[in-house]
Structures are given as C-alpha cells and as structure tokens.
Amino acid sequence: MRLLRRIFFEIDMTWKRLLILAVGTAAFAALFNCIPFFEDTSMSAPAHTFEIWVLFAIIVIFNCHGYREAMVKTFVFFLVSQPLIYLLEVPFLEEGWGLFRYYPGWFVWTICTIPGAAVAYYVKKQNVWSGFIIGVANLLVLACGLDRINILLSDFPRYLLALIFCLACAIIYIFVLLEGKRNRLIAAAISVIVIVVLLFVKLADTGACSVSYPITAEGDWRVLETSDGLDAEIRGEYMDISSDKSGIYELIIVNESGEKLAYDVEVDASTGLINVRRKDGQ
C-alpha cells in the first residue's frame, strides 16, 4: 500500500518525467501491438482500449499541485503518447502511415482530458463527490474489462490478464485514492452496480448471442459474406457479431485492397457464448 501511495502521490511530476512517461508508455503499447505472438491478447489491448491510459492519467493528475498543472500536463501526456504509438508502428505494420486515420478519435479523447483532469483532481478534496468521481472512473475501466467477457469465456484464458488488471485498478482507485469509509463505500457501490449491470447485459440474454470482436489486421474492412443465421457489422476496429441459433458459421471480411480474412464463428445459444477464430492461412 505504501508503494502505491508513493506512485500516486509522491512523484515529482516534472516536465522531464512527464515526457519520459509519455514516450515510455507509447513505446510499450506500440511494441506489444507489433509482435504477432501478442496479437488479439491482453498485451495488445493498450493500443486499442482505455484501461491502462486511465491509470497513467491518474498518476499524472494526482502528482500535480493544482488544477491548471493537472489539466495542462495530462493534455500534453496524451498529445505526445497517442500519436507516437502510431508513429512507432508505421515501419512494422502493413498499413504504414495509414495508421494515422485512427488517430482523430483518440485526439477527441485527448481534448476531453482537459476537463477530465480538472474533475479528477477534485478527488483530492476527499469529500462526498470524490467517491462519485472515482466510481465514474471505475465505470470506464470496468466497461473495458467486461466488454471482452464473452471472448474470455469462449476462448479462456484470452483477455484474462486484461480483466484482472481492470478489476485490480478499480480496487486500487477505491482504497488508495480515497479516504474515509463514506467515500470508499460510494465508489465501491457504483463499481458493484457497474459489474452487475454489465455482466447482465453481456451474459443474461442468451436468446440472442452477441460479441464485439477486434479486427487486429490493418485496413478499412467490410463484411463480404456470412452464413445464414449469422449477423455481422463492422464498427471501427471491431466486428459486432450476433446470432440466435447455435451452430458453426463462416464469416468473411474484405478490405479496400481486396485482402480477405475468414473466420469460423461457433455460437452456443444455451450459454450466449460466441467463439470466433481466424482460419488457418488467413
């Protein structure tokens, strides 16, 4: 606990350290996203989802000494780290400079860190609103972890590490960042409600199975062909796949260059689980 408090409260967040942190985290995310062995695993998640970036943002914010410093340094951290990830990936991923077409969405989130940092810094006041703010932060973190619950259950232990990381962060934010039973109880209650609701949404409705599956190959993809009984729609870097009947289906997607990827999709309507696997040689 003492080490965690030092990380969150006792680092002198100078500009030099901020830039080192931004470059180091960008290199980490880019490295694991470029290694084929880690494709579509917990280790490549930082290049696609928010959970680890919430952690780094909180480290920056809580080691600042005022609202203005927190807002400026958090903004600069993301302004440096996020495009740097794409830049480092350019020589190693097939899409090259085309990777930057994904950056505008991250830039919007970078802008949002300005008011977000101000709100997060308010937690230092340790009043009733502090518990609500940490509860909202946990909502975002837990949503990232539980969004992959169907993939985890159908292809265990893939994404188990990411889920453990999200749960651990939620607990740490409650018991390290907050003081007082009331504030911790508020944040814990929000977190439990989020977990229950998200699990219910993901698992309770077994009549229509659905999963959001990441497309790790670079390109602008569209659905080319699906088996009868399977619905698929591409949303950004993910395929939204659904079916209400058990069975094994085939899904084929294609990009602007004519490159095709084929998937076997196994649906278990009794449990609501969908298992998606890329076919060999694709």
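Shown above is the structure to which this text applies.
These numbers come from a predicted model, not from an experiment.

Caption draft 1: Representation of the sheet that holds strand β7 (residues 273-278) within the structure. Pairing is antiparallel in the open sheet, where four strands are placed in the order β2-β5-β6-β7. Across the chains shown, the open sheet's two edge strands, defined by having one partner strand only, are β2 (222-226) and β7. Recorded for the sheet is a direction-independent mean angle of 30° between the axes of neighbouring strands. Note: β2 against strand β5 (residues 247-254), four bridges, orientation antiparallel. Note on β5: the bridge partner recorded for V223 is I253.

Caption draft 2: Broad picture of empty space enclosed by the protein. Counted under the stated rule, the structure contains two cavities of 30 Å³ or more. Lining the largest cavity are 20 residues; nearest its centre among them are A47, H48, Y86, Y102 and E237. Considering each element in turn, the lining of the largest cavity owes the most residues, four residues, to helix α4 (residues 67-89). Residues belonging to the lining of the largest cavity are distributed by class as follows: eleven nonpolar, six polar and three charged. Classifying every residue of the lining of the second largest cavity gives five nonpolar, five polar and three charged.

Caption draft 3: Structural context of the sheet that holds strand β1 (residues 209-214). One open sheet holds the three strands; their spatial order is β1-β4-β3, and the pairing between them is antiparallel. Of all the strands in the sheet, just β1 and β3 (231-235) have a single pairing partner and so form its edges. The sheet shows a mean angle of 20° between the axes of neighbouring strands, direction not considered. Note: β3 against strand β4 (residues 238-243), five bridges, orientation antiparallel. Its bridge partner being in β4, A232 is matched across the sheet by I241.

Caption draft 4: Broad picture of unusual backbone geometry. In this structure, Q126 is a non-glycine residue whose phi angle is positive, near 55°. By the element assignment, Q126 lies in the loop between α5 (103-121) and α6 (128-146). Within the chain, Y159 stands out as a residue other than glycine whose phi angle is a positive 75°. With respect to the helices and strands, the residue Y159 is situated in the loop between α7 (149-154) and α8 (160-177). Residue Y159 is classed as buried on the basis of its relative accessible area, which comes to 7%.

Caption draft 5: Main features of α6. Helix length check: α6, at 19 residues, gives a terminal C-alpha distance of 27 Å against a target of 27 Å (1.5 Å per residue), a fit within 8%. The opening residue of α6, the one whose side-chain oxygen lies 3.0 Å from the backbone nitrogen of W129, is N127.

Caption draft 6: Structural context of the nonpolar core. Counting 47 residues, the largest nonpolar core has F8, W53, F77, I134 and Y173 as its most contacted members. Sorting the residues of this core by element identifies α2 (15-34), α3 (51-62), α4, α5, α6 and α8 as the ones contributing at least two each. Ranked by residues supplied to this core, first place goes to α3 with eleven residues. F77 has contacts with L18, L21, A22, T25, W53, F56 and V60, leaving out every residue within four places of it along the chain. Ranked by size, the runner-up nonpolar core spans 22 residues in total, among them I215, L230, L251 and A269.

Caption draft 7: Main features of the packing of aromatic side chains. Per the stated rule, a full pass over the model turns up 19 aromatic pairs. Ring geometry for F56 and F77: centres 6.4 Å apart, planes at 55°, overall tilted. Note that F56 is positioned in helix α3 and F77 in helix α4, a separation of 21 residues in sequence. Just as F56 is buried, F77 falls in that class too. Each ring, one from Y67 and one from Y121, has its centre 4.9 Å from the other, and the planes form 65°; the classification is edge-to-face. Taken as a pair, Y67 in helix α4 and Y121 in helix α5 lie far apart in primary sequence, 54 residues in all. Residue Y67 is classed as partly exposed on the basis of its relative accessible area, which comes to 32%.

Caption draft 8: Expanded view of the environment of L153. Tracing the sequence through the fold places L153 in helix α7. According to the relative accessible area criterion, L153 is partly exposed, its value standing at 44%. On a C-alpha basis, the gap between L153 and F77 in space is 35 Å, while along the polypeptide they are 76 residues apart.

So, how was this worked out
Residues numbered from 1 in each chain as written. Predicted model: local features only at pLDDT ≥ 70, side-chain atom pairs only at ≥ 80, totals over all residues. Heavy atoms only, no water. Pairing = 2+ DSSP bridges. Helix = DSSP H or I, 4+ residues; strand = E, 2+ residues; numbered from the N terminus. Axes fitted to C-alpha atoms, helices over the stretch in contact; angles between N-to-C directions. 1 Å grid on protein atoms, 1.4 Å probe; cavity = no way out; pocket = protein on both sides within 12 Å on 5 of 7 lines; lining within 4 Å. Points joined across faces, edges and corners; volume = space filled by probe spheres on them. Nonpolar A, V, L, I, M, F, W, Y, C, P; charged D, E, K, R; others polar. Buried < 20%, exposed > 50% of the residue type's maximum accessible area, 1.4 Å probe, protein only. Expected span 1.5 Å × (residues − 1). Polar contact = N/O pair within 3.5 Å; in protein donor to acceptor, adjacent residues only side chain to side chain. Core = buried A, V, L, I, M, F, W, Y, C linked by side-chain atoms within 4.5 Å. Contact = heavy atoms within 4.5 Å. Phe/Tyr/Trp six-rings, centres within 6.5 Å; stacked < 30°, edge-to-face > 60°.

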